[in-house]
Amino acid sequence: MKNVHDYIIKSYTVNFEEKKITLEISNDIKEKQVVFHNIFTYKFYDEIPYSVILDLE
């Protein structure tokens, strides 16, 4: 995955029928999407506006 460190999470959607989570992210210059496929369940911790991505595994 290309570097998304320090991007801000603008929004996310969870689609259980398609087993997909989509994150809409941006920094001062670019906007991107991060898509997770074949999800079964999820749990995000400490969700707040302007959350910053520090790492994705």
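Residues numbered from 1 in each chain as written. Predicted model: local features only at pLDDT ≥ 70, side-chain atom pairs only at ≥ 80, totals over all residues. Heavy atoms only, no water.

## Brief notes about unusual backbone geometry
In this structure, Asn38 takes a positive phi of about 60° despite not being glycine. Its identity is not glycine, yet Asp46 carries a phi of approximately 55°, on the positive side. What makes Asp46 exposed here is its relative accessible area of 71%. (Buried < 20%, exposed > 50% of the residue type's maximum accessible area, 1.4 Å probe, protein only.)

## Overview of the pattern of salt bridges
Following the criterion strictly, the structure yields two salt bridges and no others. A salt bridge links Lys20 to Glu18; the nearest nitrogen and oxygen atoms lie 3.2 Å apart. (Salt bridge = Lys/Arg side-chain N within 4 Å of Asp/Glu carboxyl O.)

## Considerations on the environment of Lys32
Relative to the helices and strands, Lys32 is located in strand E3 (residues 31-37). A C-alpha to C-alpha distance of 19 Å links Lys32 and Ile48, two positions 16 residues apart in sequence. At a separation of 3.4 Å, a polar atom in the side chain of Lys32 contacts the main-chain carbonyl oxygen of Asn3. At 3.5 Å, the side chain of Lys32 forms a polar contact with the side chain of Tyr7. (Helix = DSSP H or I, 4+ residues; strand = E, 2+ residues; numbered from the N terminus. Polar contact = N/O pair within 3.5 Å; in protein donor to acceptor, adjacent residues only side chain to side chain.)

## Overview of the side chain of Ser51
Structurally, Ser51 is set in the segment after E3. Apart from the residues lying within four places of it in its own chain, the contact partners of Ser51 are Tyr7, Ile8, Ile9 and Asp46. (Contact = heavy atoms within 4.5 Å.)

## With respect to the packing of aromatic side chains
In the structure shown here, the tally under the stated rule is four aromatic pairs. On the numbers, 6.4 Å between centres and 75° between planes, the contact of Tyr12 with Tyr42 is edge-to-face. With Tyr12 in strand E1 (residues 8-15) and Tyr42 in the segment after E3, this pair connects stretches of sequence that are 30 residues apart. With relative accessibility at 29%, the residue Tyr12 sits in the partly exposed group. With a relative accessible area of 32%, Tyr42 lands in the partly exposed category. Consider the rings of Tyr42 and Phe44, whose centres lie 5.3 Å apart with planes at 55°: the pair is tilted. Clustering of aromatic rings is evident, with ring pairs tying together Tyr12, Phe16, Tyr42 and Phe44. (Phe/Tyr/Trp six-rings, centres within 6.5 Å; stacked < 30°, edge-to-face > 60°.)

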